[in-house]
Amino acid sequence: MTSSFDTEKAVSREEALQPQMVTVEIAGKSFRVPAGITLMKALWYTGHEVTRGAGCLGGFCGACATYYRTKDDPKVKTCLGCSHAVEDGMSFSFAPAFPARKATYDLNALENPKQDLFTLYPEAPLCRNCNACTEACPQQIDVREGVWKAVFGDFKAVSETFMDCVMCGMCVPVCIADIAPNLVGVYASRAYGVREMKKPPGLFDRIQAIADGQYADDWERILKMSDDELQQTSATIKS
Amino acid sequence: MDIQALHDVVHNSRDARRQQTFPKLSPAERDTLIKKFHPDHREAAYRSVAFGPNEGDLTVRELASVLEGDSVVPGDLSLTPHYEADVLVVGGGGAGCAAALHAHAQGAKVLLATKLRLGDSNSVMAQGGMQIAVAPDDSPVQHFLDTLKGGHMKNDHELLKTMVEEGPSIAKWLLELGVLFDRDDDGNLHVKKGGGSTKARLLTCSDYTGLEIMRVLKDEVLNQKIQLLEFAAAVELLSDEQGACAGAVFQDLDNKRFLVAAAKTVILATGGIGRLHIQGFPTSNHYGATGDGLALAYRIGAPLVQIDTFQYHPSGGVYPEQLVGQLVTEGIRSEGGHLVNGRGERFVNELDTRDVVSSSIIRECEEGRGVRMPTGRVGVWLDTPLLEAEHGEGTLDKHFPAMVRQYARYGVDIRKDPVLIYPTLHYQNGGVKIDVNGETSVKNLFVAGETSGGLHGRNRLMGNSLLDLMVFGKRSGLTVAERVKTMTHGRLTLNHLQRFRTEAKQHRVTNQVTSPVVLPAYTEQP
Ligand SMILES: Cc1cc2nc3c(=O)[nH]c(=O)nc-3n(C[C@H](O)[C@H](O)[C@H](O)COP(=O)(O)OP(=O)(O)OC[C@H]3O[C@@H](n4cnc5c(N)ncnc54)[C@H](O)[C@@H]3O)c2cc1C
Ligand code: SF4
Ligand code: SF4
Ligand code: FES
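Keep in mind that what you see is a predicted model, and the values were worked out from it rather than measured.

Trainee: Describe in detail the overall build of chain A, supporting the description with residues and values.
Mentor: Helix and strand counts for chain A stand at ten helices and five strands. Scaling as 2.2 N^0.38, a compact globule of 239 residues should have a C-alpha radius of gyration of about 18 Å, whereas chain A reaches 25 Å, well beyond that. C-alpha atoms of chain A, sized along the principal axes, occupy 70 × 60 × 25 Å. Residues counted as buried form 54% of the 239 residues belonging to chain A. In chain A, of all internal contacts separated by at least 6 residues, the share reaching a separation of at least 24 is 54%. If you sum the accessible surface of chain A, you get close to 11,300 Å²; carbon and sulfur atoms cover 50% of it. Between the centroid of the 25 positive side chains of chain A and the centroid of its 30 negative side chains there is a distance of 4 Å.

Trainee: Before we move on, can you summarise the site of ligand 2 with the specific residues and values?
Mentor: Neighbouring ligand 2 are 13 residues, the closest being Cys137, Cys165, Cys168, Gly169 and Cys171 of chain A. Considered class by class, the residues forming the shell around ligand 2 number ten nonpolar, three polar and no charged.

Trainee: Before we move on, can you summarise the site of ligand 3 with the specific residues and values?
Mentor: Every residue lining ligand 3 is accounted for by Cys127, Arg128, Asn129, Cys130, Asn131, Cys133, Arg144, Cys175, Ile176 and Ile179 of chain A. Split into classes, the residues belonging to the shell around ligand 3 amount to six nonpolar, two polar and two charged.

Trainee: How would you summarise the confidence of the model for chain A if you had to cite specific residues and measurements?
Mentor: Averaged over chain A, the pLDDT score is 91; the fraction of residues at 70 or greater is 91%. Overall, residues 1-10 of chain A carries pLDDT values under 50, and its contacts beyond four positions in sequence, including any with other chains, amount to 34 contacts.

Trainee: Account for the interface of chain A and chain B, naming residues and giving values.
Mentor: At the junction of the two partners, chain A supplies 85 residues and chain B supplies 90 residues. Summing both sides of the interface, chain A and chain B together bury roughly 7,600 Å²; the carbon and sulfur share of this comes to 60%. At the junction of chain A and chain B, the tally comes to five salt bridges. Our enumeration of links across chain A and chain B arrives at 32 residue pairs in polar contact (both at pLDDT 80 or more). It is helix α8 (residues 201-211) of chain A that contributes the most residues to the side of chain A that touches chain B, seven residues altogether. By residue class, the composition of the side of chain A that touches chain B is 40 nonpolar, 29 polar and 16 charged.

Trainee: Tell me about the packing of helix α4 (residues 94-105) of chain B against helix α14 (residues 464-484) of chain B, and name the residues and values.
Mentor: All names here are of chain B. Their axes nearest at 7 Å, the elements α4 and α14 cross at an angle of 35°. Here α4 runs over α14; the crossing is right-handed. Residues Gly94, Ala95, Ala98, Ala99, His102 and Ala103 of α4 form the contact with α14, whose own contacting residues are Leu469, Met470, Gly473, Lys474, Ser476, Gly477, Leu478, Val480 and Ala481. Looking at the contact of α4 with α14 residue by residue, the class counts come to nine nonpolar, five polar and one charged.

Trainee: Which residues make up the layout of surface pockets, and what values do they have?
Mentor: Each pocket or cavity is described by its volume, and for the largest pocket that value is around 1,100 Å³. As for the largest pocket, its lining consists of 39 residues, and the residues nearest its centre are Ala97, Phe98, Met167 and Cys168 of chain A together with Arg117 of chain B. A total of four residues in the lining of the largest pocket trace back to one element, the largest contributor, which is helix α7 (residues 209-223) of chain B. Among the residues making up the lining of the largest pocket, the classes are represented as 25 nonpolar, six polar and eight charged. Around the second largest pocket, the lining comprises 32 residues; the ones closest to its centre are Val517, Val518, Leu519, Pro520 and Ala521 of chain B. For the lining of the second largest pocket, the secondary structure elements donating two or more residues are α3 (61-67), β9 (232-239) and β10 (245-252) of chain B. It is α3 of chain B that contributes the most residues to the lining of the second largest pocket, four residues altogether.

Trainee: Report on helix α6 (residues 157-177) of chain B, specifying residues and quantitative values.
Mentor: All names here are of chain B. A rise of 1.5 Å per residue sets the reference length of α6, with its 21 residues, at 30 Å; its end C-alpha atoms lie 30 Å apart and thus fit the reference within 8%. Largest kink in α6: about 45°, centred on glycine 167, with the proline proline 168 one to four residues after it. One or two steps after α6, the chain reaches glycine 178, where phi turns positive at roughly 105°.

Trainee: Got a sec to walk through the domain arrangement of chain B? Specific residues and values, please.
Mentor: All names here are of chain B. Each assigned domain of chain B is listed here: domain 1 (3-37 + 311-425) and domain 2 (103-309 + 429-499). Computed over C-alpha atoms only, the centres of domain 1 and domain 2 are separated by 30 Å. Between domain 1 and domain 2, the residue contacts involve 28 residues of the former and 27 residues of the latter. In total, about 2,200 Å² of surface goes out of reach between domain 1 and domain 2, with carbon and sulfur atoms giving 52% of it.

Trainee: Talk me through the pairing of β9 of chain B; I want residue IDs and the actual numbers.
Mentor: Residues and elements named next belong to chain B. Across the eight residues that make up β9, a large majority, eight, are buried. Pairing between β9 and β10: seven bridges, direction antiparallel. Looking across to β10, one finds that leucine 238 is bridged to glycine 247. Hairpin connection from β9 to β10: five residues lie between these consecutive antiparallel strands, with glycine 243 at a positive phi of about 90°.

Trainee: Outline the environment of asparagine 444 of chain B, supporting the account with residue identities and numerical values.
Mentor: You can see asparagine 444 of chain B is positioned in the loop between β18 (431-433) and β19 (445-447). Once the C-alpha coordinates of asparagine 444 of chain B and aspartate 76 of chain B are considered, the two residues, 368 residues apart in sequence, prove to be 24 Å apart.

Trainee: Can you break down the sheet that holds strand β6 (residues 191-193) of chain B residue by residue, with the values?
Mentor: Residue and element names in this part refer to chain B. Read from one edge of the open sheet, three strands run β5-β7-β6, paired in antiparallel fashion. The open sheet has two edge strands, β5 (130-131) and β6, and neither has a second partner. The sheet contact formed by β5 and strand β7 (residues 200-203) spans two bridges and is antiparallel. By the bridge assignment, methionine 130 is partnered in β7 with leucine 203.

Trainee: Break down the pattern of salt bridges for me, with residues and values.
Mentor: Following the criterion strictly, the structure yields 46 salt bridges over all chains and no others. The partner of arginine 377 of chain B in a salt bridge is glutamate 321 of chain B, and the shortest N-O contact between them spans 2.8 Å. Residue arginine 377 of chain B is located in the loop between β15 (371-372) and β16 (378-382), and its partner glutamate 321 of chain B is located in the loop between β13 (310-317) and α9 (331-334); the two are separated by 56 residues in the primary sequence. One exposure class covers both arginine 377 of chain B and glutamate 321 of chain B, and it is buried. One salt bridge in this structure joins arginine 369 of chain B and glutamate 364 of chain B, with 2.8 Å as the shortest N-O distance. On the basis of relative accessibility, which here comes to 2%, the residue glutamate 364 of chain B falls in the buried class. Among the ionic contacts, a cluster of salt bridges with common partners joins Lys102 and Arg190 of chain A together with Asp219 and Glu220 of chain B.

Trainee: Any chance you could break down the packing of α4 of chain B against α7 of chain B for me, citing the residues and the numbers?
Mentor: Residues and elements named next belong to chain B. Relative to each other, α4 and α7 sit at 40°, their axes nearing to 10 Å. Judged on the interaxial angle alone, α7 and α4 are oblique. Every pair of crossing elements has a handedness; the one defined by α4 and α7 is left-handed. On the side of α4, the interface is formed by Gly94, Cys97 and Leu101, while α7 contributes Met214, Leu217, Glu220 and Val221. Tallied by class, residues from the contact of α4 with α7 come to five nonpolar, one polar and one charged.

Trainee: With reference to specific residues and values, describe the sheet that holds β18 of chain B.
Mentor: All names here are of chain B. Spatial strand order, β12-β18-β20: three strands in an open sheet with mixed pairing. Bordering the open sheet on either side are β12 (304-305) and β20 (452-453), each of which pairs with just one other strand. As paired strands, β18 and β20 are joined by two bridges and run parallel to one another. From the neighbouring strand, valine 432 faces β20, where its bridge partner is serine 452. Here helix α8 (residues 292-299) sits on the sheet and contacts β12 and β18; the angle it forms with β18, its principal contact strand, is near 35°.

What counts, and at which threshold
- Residues numbered from 1 in each chain as written.
- Chains lettered and ligands numbered in written order.
- Predicted model: local features only at pLDDT ≥ 70, side-chain atom pairs only at ≥ 80, totals over all residues.
- Heavy atoms only, no water.
- Helix = DSSP H or I, 4+ residues; strand = E, 2+ residues; numbered from the N terminus.
- Rg over C-alpha atoms; globule rule 2.2 N^0.38 Å.
- Buried < 20%, exposed > 50% of the residue type's maximum accessible area, 1.4 Å probe, protein only.
- Contact = heavy atoms within 4.5 Å.
- Areas by Shrake-Rupley, 256 points an atom, 1.4 Å probe, with all protein chains shown as cover.
- Lys, Arg positive; Asp, Glu negative; His and termini not counted.
- Charge placed at Lys NZ, Arg CZ, Asp CG, Glu CD.
- Near = heavy atom within 4 Å.
- Nonpolar A, V, L, I, M, F, W, Y, C, P; charged D, E, K, R; others polar.
- pLDDT = per-residue confidence, 0-100.
- Buried area = accessible area lost by both parts, 1.4 Å probe.
- Salt bridge = Lys/Arg side-chain N within 4 Å of Asp/Glu carboxyl O.
- Polar contact = N/O pair within 3.5 Å; in protein donor to acceptor, adjacent residues only side chain to side chain.
- Axes fitted to C-alpha atoms, helices over the stretch in contact; angles between N-to-C directions.
- Left-handed = near helix turned anticlockwise from the far one by under 90°.
- 1 Å grid on protein atoms, 1.4 Å probe; cavity = no way out; pocket = protein on both sides within 12 Å on 5 of 7 lines; lining within 4 Å.
- Points joined across faces, edges and corners; volume = space filled by probe spheres on them.
- Expected span 1.5 Å × (residues − 1).
- Bend = angle between axes of the 7 residues up to and from the residue.
- Domains from an automatic or database assignment.
- Pairing = 2+ DSSP bridges.
- Parallel < 35°, antiparallel > 145°, perpendicular 65-115°, else oblique.

Set out below in structure tokens:
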């Protein structure tokens, strides 16, 4: 087998063999780790047990929100720790869960989703345009713009803006107006899907056709076949 | 080593390759290729299970040990419940959320318990899409036949028919919850063609299908105020005096305490097994994909099916090192991306089924036509710039934003350069045997999603899993909601565990590991 993943260790042999080691600071303590590994692997490599702060390990779930700073740079940045590589002199801490408030709603029962935004998330229109949310977003989403579009009722644009949102929540603690932009985003995109988007006619035709038993004959023919006959039928259908 | 020189082989051969067509293999050729190169056929990696419902069946060594493993739960644990529910759903991925929402909607009292946070799962990572026969030239019957062919004719017909027929109503449900599937100009659902399918049938939300579905399902679980228990790993099921399932024991990951949940019915939706790194393969799976549901169901007596077959996704990352094992979306091949060996040649029809494509990549690498990186890893090229050449500049940004970002993080521009790939452990084809409502051979124990088995045969067709989750999550949720109306709670026991421990002794099983595994042991020990 050409692949070799040492299942007992986070860091593969290939990585460990890399001669280069770098120094990083994890939550204030200094460690030497192989150059180029992810921040997540650096945690494992340095003996940290990880239960919170890890989910998909692939940059999709936002569990691993991390603050970091590179050598001599005062700017604290954010990243997804499972998908970001260590650099020499870097300092990082995984972000704790932030107690944001999520409104609850029944999208079908809402009178007017665009107006209801202001009762569900009354803080949304109080955005002060500081742009901190956008700067905090590891997915490079224009979060501030997304919030404004929600306030202006352009929910379609909101859904496009937030399609890349992994719900890491990094935009929330920085907001000086106590807005949870990602939650506003989810609300507006769902409301767009439920209340504004046209229903696809073909889908309803297909559901009806199935209910009407339009495929009954085909099923009967197919389900009676022996394995050999089925194999032949499947093999002959063209792609 | 000069990586640019390796890239140039791909750039220089691109125009010639664009003129070529590469035929799919005949059934006989497929068989020969797979038998020779697919990891499912490495005999040394397999052994038979020593005891229990699947005694004597062959499976990979890693899984056999987990199935024969012992529980962390002591036999004399106090079973006074901390939680009581009609329906206990274990696992907060797609199948778990769907089951919980459907059961809750019918009035059942649901407890949704999960190991990490709600939604941290394989489901959130699905990029390729969800197969549902909605296009005018397509039909559920066609979907059935394609899946059967992909699964080497070994799929459970009844489960499969149920899935394909309920597909369109699932699309409707998701749309009603606000999932933004891609649309055509006429408002119809846009469909893409997936590997191994004769018709365009993949519903997508750009390349964030799983993320979009999970964002919506999670939001809805919270809206419905379904009782949630996060960072709690199920470590044992509970049985009543008749042997039916009656709840579960959890271990709180923060303080290691045991938590007992009494439930009239249990739906296991704990997902896959990738983090067991079968045969040493890297994996595309999430942190908690350790096959827990298989161990839990096995110990309480539920038989498993097709546990000797796994899916190795053809395109796992090889370089840069940070992306090893991570999935490179199949969409690139669906849209015409070529696979290219170290000599600049194509070697397989890129749209053939996953097992065929994976086997052919392993063949290229084992026969010396792979590309070796400075890290020592070997792979073949996936020609991503070809899509820009074929469909115009900006194609990758528009259709594969997640993948562009995935590589850009490490300084690789997939619009300009190809990426190196090698098969990665992706999916557990088999699992716990279920009926069309998701019920196992153990009464009141249901399984939905990747933990269940039979539907996909020996090779899951791409995009069928997301549908599987939704259909069997729904069916199990509805079935239990109905059943609990006329049920009372059983008396909680660990009788099955006692029986299992006795059997282990009788079979003189030694070196028992502790299972379920819960999380991979990645932390370096002093
Ligand atoms: C990278 C990737 C891409 C994919 N792309 C596609 C695609 O495009 N189309 C498609 O159809 N399929 C795709 N698949 C397959 C599909 O996503 C999975 O098969 C599917 O999501 C599994 O869903 P599930 O609900 O069964 O499990 P999961 O979504 O994995 O959820 C399982 C849940 O159970 C929890 N859990 C596990 N063990 C325990 C325990 N002991 N106690 C409590 N909770 C536990 C986990 O933490 C998790 O929340 C992809 C898979 C991966 C990994
Ligand atoms: S919008 Fe907020 S929650 Fe979403 S990815 Fe950006 S920072 Fe994270
Ligand atoms: S951080 Fe808050 S106040 Fe500042 S721009 Fe973003 S939403 Fe507006
Ligand atoms: S662990 Fe999911 S994004 Fe990092």
